[in-house]
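These are the residues of each chain, in order.
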Amino acid sequence: MGHHNETNLVVIHGYGGSGMIFYKMFRELSEHFHVYFIDLLGMGRSSRGDFECATFGECERYFVNSIDKWRAAVGLETMNLMGHSFGGYVASRYALHHPRRLGKLLFLSPFASEVTSEEHLIKFEEKINELGFFRRNMIKLVMWMYKKNTTPFGAARLGGR
């Protein structure tokens, strides 16, 4: 949208989302930018290729590299990048890996995470044990799935294949 504008803006949604969550912003943003609402691989209407990342770093590179390949395929030399939630985290990592490809970096309620120490994880597990039965077990289920290299969305996709 906004093909008449020379300044571009690439918008990245949060985890499990889609560019469509920004539909109410389309018109106003397109008055100022040539806007691209992209879906991260495996989310929204993007392809569902095999996700074989074994480490945090591999996962980060998977998303960052996919955005850079998209940028090159579309023919953007540089871009303004806006990320929401997990998309904000991915945008920040893209900025660190490809600073010369960015104009401005914008965040909408970004999510940030880094690999933490074992001590931090022990404190987190102690806090979880203070929660009620349902919340405690839901968090433990998600943590178990994470350790098994799957996500709630991955489990849901298995039912659709």
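Details of the structure are given in the entry above.
Residues numbered from 1 in each chain as written. Predicted model: local features only at pLDDT ≥ 70, side-chain atom pairs only at ≥ 80, totals over all residues. Heavy atoms only, no water.

Trainee: Could you clarify how one ought to interpret the packing of aromatic side chains in this entry?
Mentor: The relative placement of two aromatic rings is captured by the distance of their centres and the angle of their planes. With the rule as written, the count across this model stands at 7 aromatic pairs. For the ring pair F26 and F37, a centre distance of 4.3 Å and an interplane angle of 45° mean the geometry is tilted. A residue pair is termed long-range when its members are at least 10 positions apart, and F26 in helix α1 (residues 26-30) and F37 in strand β2 (residues 34-38) qualify at 11 residues. Residue class for F26 comes out buried when judged on its relative accessible area of 18%. With a centroid separation of 6.4 Å and 25° between ring planes, the pair formed by F86 and Y89 is classed as stacked. Residue F86 and its partner Y89 are located together in helix α3 (residues 86-97), separated by 3 residues, close to a single helical turn. Neither residue differs from the other here; F86 and Y89 are each classed as buried. Here the aromatic cluster, defined as three or more aromatic residues joined through ring pairs, consists of Y15, Y62, F63, F86 and Y89. (Phe/Tyr/Trp six-rings, centres within 6.5 Å; stacked < 30°, edge-to-face > 60°. Helix = DSSP H or I, 4+ residues; strand = E, 2+ residues; numbered from the N terminus. Buried < 20%, exposed > 50% of the residue type's maximum accessible area, 1.4 Å probe, protein only.)

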